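A closer look at the structure
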Amino acid sequence: MKNIEVELESIIFNVMLPESKAFLDELNEEIQNGNDKEEIVEAKKDVEYFIEELNQVLKLIEEKKLSNKDAKDMYKKIRNMIDEHEDEHQ
């Protein structure tokens with residue numbers, strides 16, 4: 001890959017953040033509709049934390065504080081998450 005930071009930034013910005021925010025909206029809707037089971041509330045906390053982490057990675061990329069190795073590792077993890085998610089829904 002030519003510029004792993006660009007690839008990582010793109011996959012976070014175009015795939016991970018929109019999907020995570022959409023899932024968070026679904027969880028918030030569940031809670032608003034009275035489904036405040038512990039699993040839903042915990043899932044909401046996890047997704048909020050995950051979104052925070054994604055934004056931190058974007059900030060590190062923007063500030064040029066992310067090594068190529070770290071960027072590659074994160075990209076691989078995210079690709080694996082996407083691939084696993086797609087496999088589950090086939």
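The present account deals with the structure reproduced in this document. Model, not experiment: these values are computed from the prediction. (Residues numbered from 1 in each chain as written. Predicted model: local features only at pLDDT ≥ 70, side-chain atom pairs only at ≥ 80, totals over all residues. Heavy atoms only, no water.)

What follows concerns the environment of asparagine 3. Its place among the elements puts asparagine 3 in the segment before α1 (4–32). Judged by relative accessible area, asparagine 3 falls into the partly exposed class, the value being 37%. Along the primary structure asparagine 3 and lysine 72 are separated by 69 residues, whereas in three dimensions their C-alpha atoms are 9.7 Å apart. (Helix = DSSP H or I, 4+ residues; strand = E, 2+ residues; numbered from the N terminus. Buried < 20%, exposed > 50% of the residue type's maximum accessible area, 1.4 Å probe, protein only.)

Another aspect to go through is the pattern of salt bridges. In this structure the tally under the stated criterion is 5 salt bridges. One salt bridge in this structure joins glutamate 63 and lysine 65, with 3.5 Å as the shortest N-O distance. For glutamate 63, a relative accessible area of 35% corresponds to the partly exposed category. Accessibility expressed as a relative area gives 58% for lysine 65, which makes it exposed. Across the pair lysine 69 and aspartate 73 runs a salt bridge, and its minimum N-O distance is 2.9 Å. Of the two residues, lysine 69 and aspartate 73 both sit in helix α3 (residues 68–88), 4 residues apart, roughly one turn of that helix. Given the relative accessible area of 56%, lysine 69 is considered exposed. According to the relative accessible area criterion, aspartate 73 is partly exposed, its value standing at 29%. (Salt bridge = Lys/Arg side-chain N within 4 Å of Asp/Glu carboxyl O.)

A few words now on the nonpolar core. Counting residues in each nonpolar core, the largest one holds 20 residues, and the members touching the most others are Leu8, Ile11, Ile12 and Ile78. When residues of this core are traced back to their parent elements, those giving at least two are α1, α2 (38–62) and α3. Top element by residues in this core is α1. It accounts for 8 residues. (Core = buried A, V, L, I, M, F, W, Y, C linked by side-chain atoms within 4.5 Å.)

The analysis is restricted to geometry; functional conclusions fall outside its scope.
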